[in-house]
Amino acid sequence: EIISKTTAFLSTLGSYLIVSDIAKKVRNGKETDPYQRIMLGLSLCDILLSFFYVFLGTWMTPKETGWLWAVGNTASCSAQGFFFVFGG
């Protein structure tokens, strides 16, 4: 569980750096090529999936389930499901 949360955090961080690099180019008025736009889309989806599904993982599961580290409620579980479906 700890290893998956660590790798999910690193994946989210790496994708954030890609998004911020491309955003900086756009703010400076530079054009982006198709490869950068594809990487932007993939990185945004990776941020959603890595953060909401893997990193938050069991934390968003309702605590009534008795799962390890489950501290969420029904609303947090539903939000996680939403981002899993539309992010991944």
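Residues numbered from 1 in each chain as written. Predicted model: local features only at pLDDT ≥ 70, side-chain atom pairs only at ≥ 80, totals over all residues. Heavy atoms only, no water.

> How do you make sense of the packing of aromatic side chains when you look at a structure like this?
What characterises a pair of aromatic rings is the spacing of the ring centres plus the angle enclosed by the ring planes. Evaluated as defined, the whole model comprises three aromatic pairs. Taken together, a centroid distance of 6.2 Å and an interplanar angle of 40° make the contact between F9 and F55 tilted. One end of the pair, F9, is in helix α1 (residues 2-27); the other, F55, is in helix α2 (residues 34-55), and 46 residues separate them in sequence. In this structure F9 comes out as partly exposed when scored by relative accessible area, which is 44%. Seen in terms of ring centroids, F51 and F55 are 5.7 Å apart; in terms of plane orientation they differ by 20°. Their pairing is stacked. Of the two residues, F51 and F55 both sit in helix α2, four residues apart, roughly one turn of that helix. Through a chain of ring-to-ring contacts, three or more aromatic side chains come together here, namely F9, F51, F55 and W59. The ring of W59 has K5 sitting right over it, with the charged end atom 4.3 Å from the ring centre. (Phe/Tyr/Trp six-rings, centres within 6.5 Å; stacked < 30°, edge-to-face > 60°. Helix = DSSP H or I, 4+ residues; strand = E, 2+ residues; numbered from the N terminus. Buried < 20%, exposed > 50% of the residue type's maximum accessible area, 1.4 Å probe, protein only. Lys NZ or Arg CZ within 6 Å of the ring centre and 35° of its normal.)

> Got a minute to help me understand the environment of Q80 in this structure?
For Q80, the location among the structural elements is in helix α3 (residues 74-87). A sequence separation of 34 residues divides Q80 from D46, and the C-alpha atoms of the two residues are 14 Å apart. Setting aside anything within four residues of it in sequence, one finds Q80 in contact with F52, Y53, L56, G57 and M60. A distance of 3.2 Å separates the side chain of Q80 from the backbone oxygen of G57, its partner in a polar contact. (Contact = heavy atoms within 4.5 Å. Polar contact = N/O pair within 3.5 Å; in protein donor to acceptor, adjacent residues only side chain to side chain.)

Remember, this is a structural readout, not a statement about activity or role.
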